[in-house]
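Fold and contact review
Listed below are the residues making up each chain.
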Amino acid sequence: MILPSVIPAIGNTPLVDLSRICQRLDLDGRILAKLDYLLPGFSKKDRAARSIVELARAEGTLSPGQTVVELTSGNMGTGLAIVCGILGHPFVAVMSAGNSVERARMMRALGAEVVIVPQAEGSKPGEVSGADLALVDEVAQRVTADRNAFRADQFGHSGNPKSHATGTGPEIWEQSGGTVTAFCDFAGSGGTLAGVATFLTPHGVRCYAVEPEGARAIAGEAIINPDHPIQGGGYAMDDLVHLNGTSVAGHLSVSSEAARDGARMLARTEGIFAGYSAGANLAGAIELLRGPEKGGCVAIVMCDSGLKYLSTDLWE
Ligand SMILES: Cc1ncc(COP(=O)(O)O)c(C=O)c1O
C-alpha cells in the first residue's frame, strides 16, 4: 500500500510479548509492549499531534496556513513538526533547556522554529520540573499571542486523549485478542492514560498511573522531590485536566534507578531501544505482576526512542 504522506503512518504499532524479561525475572504473568517508538517522530506523541491538528482543522479552530505553537519536552513538538510541515502550518516549539539537545535538533531538522527557555533557578539539566514547565508555558503563551497562532495545548485539548481512546486502547485490545487485564502508564499530560483507560476500563482492564518516587501528585501525595531524569512526564502537577473523571485503579511509584534499569533491560533483553519513560512503564508492570496483578497480562507503551537519550546518562 502506498500512503499519501507519513501522517497515516501514525498509529498501528506492533505489540510485543516481553517473555524474555518475564522469564528472566520469574514473573507470574505476561507483559505486552506497544512499540510506539517506531512511529515517524520516534514517539507516541505523534498520535496526539496528529489528532489535535486534524480535530482543530475540522472544527475550524485552526485555519489553513495558521501558525501552531506548543510547549513540548521534544516529542509532542516532533510530532507537530511532522504533521504541521505536511499540512502547511508554520510550527514553533517552546522547550525547556532541561530537555536533551537531540530533541531540539530533530525538531529544527523537520522545519520547526525552536525556542529554548532557560530552567528555573536550582533546576538541573536533564531534569525538568513543574517550575521549569511553568516558565516554558509563559513563553508559549506569549509567542501564541504575538503570532496570532493556534496553541496545540496537549494538556487541555481533547484530541490528545482521543487519539489514545480511538487508537492506542483499541489497538492493544485487538492485538492482544482481548487478553489484557491491566495497563500502566507514566503520565505527563495524562493523555495516554486517560485515553487508553476510556477504552479499556469498560472491558474490565484496570489502568494504573505511574509517577516518579517523591513526586506523586496524581496519587495525591505531598511532593518530596520533584527532580528525576524521566523526560516527558512526572511534572508533579495535581491538576491534569485529562485525568478528571478517569477511573485510575491504583498508583505506582518508580525510582529513577528503576526507570533507568528498565530501559537498559528492554534494550539488552528484548532488543527494544526505548527511553526512560518506557523503562518506568516496565518497572510499573513488573511491580503489578509481583503484586495486585499477579498472573495477569499487563500492557505498556514504549513511549520514545532510546536515540533521544544519547546525550544523557541513560546509555553510559
Ligand atoms: C517520552 C515520554 N514519555 C511519557 C510521556 C507522557 O505521555 P502523556 O503526555 O500522554 O501522559 C511523554 C509526553 O510527552 C513523553 O514524551
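In this text, all values refer to a predicted model and were calculated from it rather than measured experimentally.

1. Looking at the overall build of the protein
A tally of regular secondary structure across the protein gives 9 helices and 10 strands. For 316 residues, the compact-globule estimate of 2.2 N^0.38 gives 20 Å, and the C-alpha radius of gyration of the protein, at 18 Å, lies within 12% of that figure. Its C-alpha atoms give the protein principal-axis dimensions of roughly 55 × 50 × 35 Å. The buried share of the protein, reckoned over its 316 residues, is 59%. Look at the contacts in the protein between residues 6 or more apart in sequence, and 71% of them connect residues 24 or more apart. Surface summary for the protein: the accessible area is close to 12400 Å², and the carbon and sulfur share equals 51%. Both charge centroids of the protein, one from 25 positive and one from 34 negative side chains, sit 5 Å from each other.

2. Details of helix α8 (residues 256-270)
The periodicity of an α-helix, 3.6 residues per turn, causes residues three or four places apart in sequence to face the same way. The first and last C-alpha atoms of α8 sit 21 Å apart over 15 residues, in line with the 21 Å expected at 1.5 Å per residue. Listing the buried residues of α8 in full gives S256, A259, R260, G262, A263, M265, L266, T269 and E270. Buried residues belonging to α8 abut β1 (15-17), α1 (19-24), β9 (250-254) and α9 (276-290).

3. Considering the sheet that holds strand β4 (residues 91-96)
Read from one edge of the open sheet, 4 strands run β5-β4-β3-β6, paired in parallel fashion. A single partner strand is all that each edge strand has here, and the edge strands are β5 (113-117) and β6 (150-151). Bridge count for strand β3 (residues 68-72) against β6 is 2 bridges, and the pairing is parallel. Counterpart to V69 in the pairing with β6 is R151.

4. Some words on the packing of helix α2 (residues 45-59) against helix α6 (residues 159-175)
Contact geometry of α2 with α6 gives a least axis separation of 8 Å together with a crossing angle of 125°. With respect to α6, the axis of α2 lies oblique. Note on packing geometry: the crossing formed by α2 with α6 is right-handed. Contacts between α2 and α6 involve K45, R47, A48, S51, I52 and L55 from the former and G159, N160, K162, S163, H164, G167, T168 and E171 from the latter.

5. Brief notes about the sheet that holds strand β7 (residues 182-186)
Judged by pairing direction, the sheet is mixed, and its 6 strands sit side by side in the order β1-β2-β10-β7-β8-β9 without closing on themselves. The open sheet has two edge strands, β1 and β9, and neither has a second partner. Each neighbouring strand pair of the sheet contributes to a mean axis angle of 30°, computed without reference to strand direction. Relative to strand β2 (residues 30-34), β1 runs antiparallel, the two being bridged by 3 bridges. Within β2, the position partnered with D17 by the bridge is L32. Each of β7, β8 (206-212) and β10 (297-301) is contacted by helix α7 (residues 191-200), which is oriented at about 165° to β7, the strand it contacts most.

6. Focus on the site of the ligand
What surrounds the ligand is a group of 17 residues, the closest being K45, G188, S189, T192 and S277. Side-chain polar atom of N75 to an oxygen atom of the ligand: 2.8 Å apart, as the coordinates give it. One of the side-chain nitrogen or oxygen atoms of T192 is found 2.5 Å away from an oxygen atom of the ligand. When the free accessible area of the ligand is taken as 390 Å², the share hidden by the protein chains comes to 98%. Both domains that furnish three or more residues to the shell around the ligand are identified here as domain 1 (7-43 + 158-309) and domain 2 (45-151).

7. A closer look at the nonpolar core
The biggest cluster of nonpolar side chains holds 36 residues, and the ones touching the most others in it are L18, I31, C184, I272, L282, I300 and M302. Within the residue set of this core, elements represented by two or more residues are α1, β2, β7, β8, β9, α8, α9 and β10. Per-element accounting of this core gives the leading share, 9 residues, to α9. Those residues in contact with L18 that sit more than four places away from it in its chain are I31, A33, L266, E270, I272, L282 and I300. The next biggest cluster of nonpolar side chains, apart from the first, holds 33 residues, and it includes V69, V94, V136 and V143.

8. Some remarks on the packing of aromatic side chains
Geometrically, a pair of aromatic rings is defined through the distance of the ring centres and the angle of the planes. Considering all chains together, one arrives at 3 aromatic pairs under this definition. With centroids separated by 6.2 Å and ring planes inclined at 55°, the aromatic side chains of F155 and Y235 adopt a geometry described as tilted. Of the two residues, F155 is situated in the loop between β6 and α6 and Y235 in the loop between β8 and β9; the sequence distance between them amounts to 80 residues. Between the aromatic rings of Y276 and Y309, the centroid separation amounts to 6.0 Å while the plane-to-plane angle is 70°, which identifies the pairing as edge-to-face. Taken together, the positions of Y276 in helix α9 and Y309 in the segment after β10 put the pair 33 residues apart, joining distant regions of the chain. With respect to burial, Y276 and Y309 carry one shared label: buried.

Procedures and definitions
Residues numbered from 1 in each chain as written. Predicted model: local features only at pLDDT ≥ 70, side-chain atom pairs only at ≥ 80, totals over all residues. Heavy atoms only, no water. Helix = DSSP H or I, 4+ residues; strand = E, 2+ residues; numbered from the N terminus. Rg over C-alpha atoms; globule rule 2.2 N^0.38 Å. Buried < 20%, exposed > 50% of the residue type's maximum accessible area, 1.4 Å probe, protein only. Contact = heavy atoms within 4.5 Å. Areas by Shrake-Rupley, 256 points an atom, 1.4 Å probe, with all protein chains shown as cover. Lys, Arg positive; Asp, Glu negative; His and termini not counted. Charge placed at Lys NZ, Arg CZ, Asp CG, Glu CD. Expected span 1.5 Å × (residues − 1). Pairing = 2+ DSSP bridges. Axes fitted to C-alpha atoms, helices over the stretch in contact; angles between N-to-C directions. Parallel < 35°, antiparallel > 145°, perpendicular 65-115°, else oblique. Left-handed = near helix turned anticlockwise from the far one by under 90°. Near = heavy atom within 4 Å. Polar contact = N/O pair within 3.5 Å; in protein donor to acceptor, adjacent residues only side chain to side chain. Domains from an automatic or database assignment. Core = buried A, V, L, I, M, F, W, Y, C linked by side-chain atoms within 4.5 Å. Phe/Tyr/Trp six-rings, centres within 6.5 Å; stacked < 30°, edge-to-face > 60°.

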